[in-house]
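# Reading the structure
Spelled out from the first residue to the last, the chains are:
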Amino acid sequence: MFDDYLSWKPFFEIVPMAHADCADVAELHTSRFPQAWSEGEFSSLLSQNTVFGAVARQTNAFFSQPLGGFVLSREAGGEAEILTVAVSDKFAGAGLGWRLMQAAMREALMRGAETMFLEVDGSNGPAVHLYRKLGFKTVAERKAYYTAKDGTKSTALVMRRDLR
């Protein structure tokens, strides 16, 4: 029984993002991005009928359901884009990025999107690797697009995936 406690792993449920999630989402976004979005910005985006998101909530926590990650997307005119996605450092490697991206692609497809785009910092190796595993291909680059906290610049990769 004690061994079960030591091998305990968090379990997550992927559910549609709601306005009630925006404070937690903004907090996680702040921890992951130098130019973070506020709770109000997330809420405003989520109010648009073309915008949709998903959150990963830990279901086997003792006192609450901590946010493990989220994805926010938009669909219009048969194309979808990932606006932002993040996974908590605490749960890195738990497969949440994969699951969240799958949820976004399914929803985009259900909304009529045939392709999905995203931008990623080219220096973010784990994210680039994930997107490539999901079938995204680099279609363009934006040199010196992102600015890190220390002021260094990095290239944004524009990636695309067919959904159909």
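Chains are numbered independently. Their residues run from 1 in the order of the written sequence. Per-residue local features are limited, in this predicted model, to residues with pLDDT of at least 70; the limit for side-chain atom pairs, both in listing and counting, is 80 or more; totals at the level of whole chains, interfaces and linings are taken over all residues. The side-chain numbers reported here are obtained from all heavy atoms of the structure, hydrogens and water having been left aside.

### Some points on the sheet that holds strand β2 (residues 51–58)
Think of it this way: DSSP has to see at least two bridges between two strands before they count as a pair. Runs of E in the DSSP output that reach at least two residues are strands. Runs of H or I that reach at least four are helices, and both are numbered from the N terminus. Strand order in the open sheet formed by seven strands is β1-β2-β3-β4-β5-β7-β6, and the pairing between neighbours is mixed. Both outer strands of the open sheet, β1 (12–16) and β6 (137–147), are each paired with one neighbouring strand and no more. Strand-to-strand, the axes of this sheet are offset by a mean angle of 20°, without reference to chain direction. Bridge analysis of strand β3 (residues 67–76) against strand β4 (residues 79–87) gives eight bridges, and the strand direction is antiparallel. Among the inter-strand pairings, Arg74 is bridged to a residue of β4, identified as Glu81. Whether two residues touch is decided by their heavy atoms; if any such pair falls within 4.5 Å, the residues are in contact. Axis definition: a line fitted to C-alpha atoms, limited for helices to the stretch in contact. Angles are taken between N-to-C directions and run from 0 to 180 degrees. Those strands touched by helix α4 (residues 96–110) are β1, β2, β3, β4, β5 (115–121) and β7 (153–162), and its axis lies near 25° from that of β3. Its contacts with the sheet put helix α5 (residues 125–133) on β4, β5, β6 and β7, and the angle it makes with β5 is roughly 160°.

### Some remarks on helix α2 (residues 22–32)
Among the residues of α2, Cys22, Val25, Ala26, Leu28 and His29 are the ones counted as buried. Take α2 and look down its axis: the buried residues cluster within an arc of 165°, on one side only. Looking at the buried side of α2, the elements it contacts are α3 (39–46), β2, β3 and β4. Only protein chains enter the accessibility calculation, which uses a 1.4 Å probe; a residue whose area is less than 20% of its type maximum is buried, one above 50% is exposed, and one in between is partly exposed. Picture the helix axis, draw a direction to every C-beta atom, and the arc is the one those directions span.

### Considering the environment of Gly40
Residue placement: Gly40 occurs in helix α3. Between the C-alpha atoms of Gly40 and Ala26, which are 14 residues apart in sequence, the distance is 8.6 Å.

### Re the packing of α2 against α3
Contact pair α2 / α3: the axes reach a minimum separation of 8 Å and the direction vectors enclose 120°. Between α2 and α3, the interaxial angle falls into the category oblique. Crossing of α2 against α3: the hand is right-handed. Packed against α2, whose contacting residues are Cys22, Ala23, Val25, Ala26 and His29, the element α3 presents Glu39, Phe42, Ser43 and Leu46 at the interface. For the contact of α2 with α3, the per-class residue count stands at six nonpolar, two polar and one charged. Oblique is the label for any angle not under 35 degrees, not over 145, and not in the 65 to 115 range, which are roughly parallel, roughly antiparallel and roughly perpendicular in turn. Note: crossing handedness is left-handed where the near helix turns anticlockwise from the far helix by less than a right angle, and right-handed where it turns clockwise. Note on residue categories: nonpolar means Ala, Val, Leu, Ile, Met, Phe, Trp, Tyr, Cys or Pro, charged means Asp, Glu, Lys or Arg, and polar means any other residue, Gly included.

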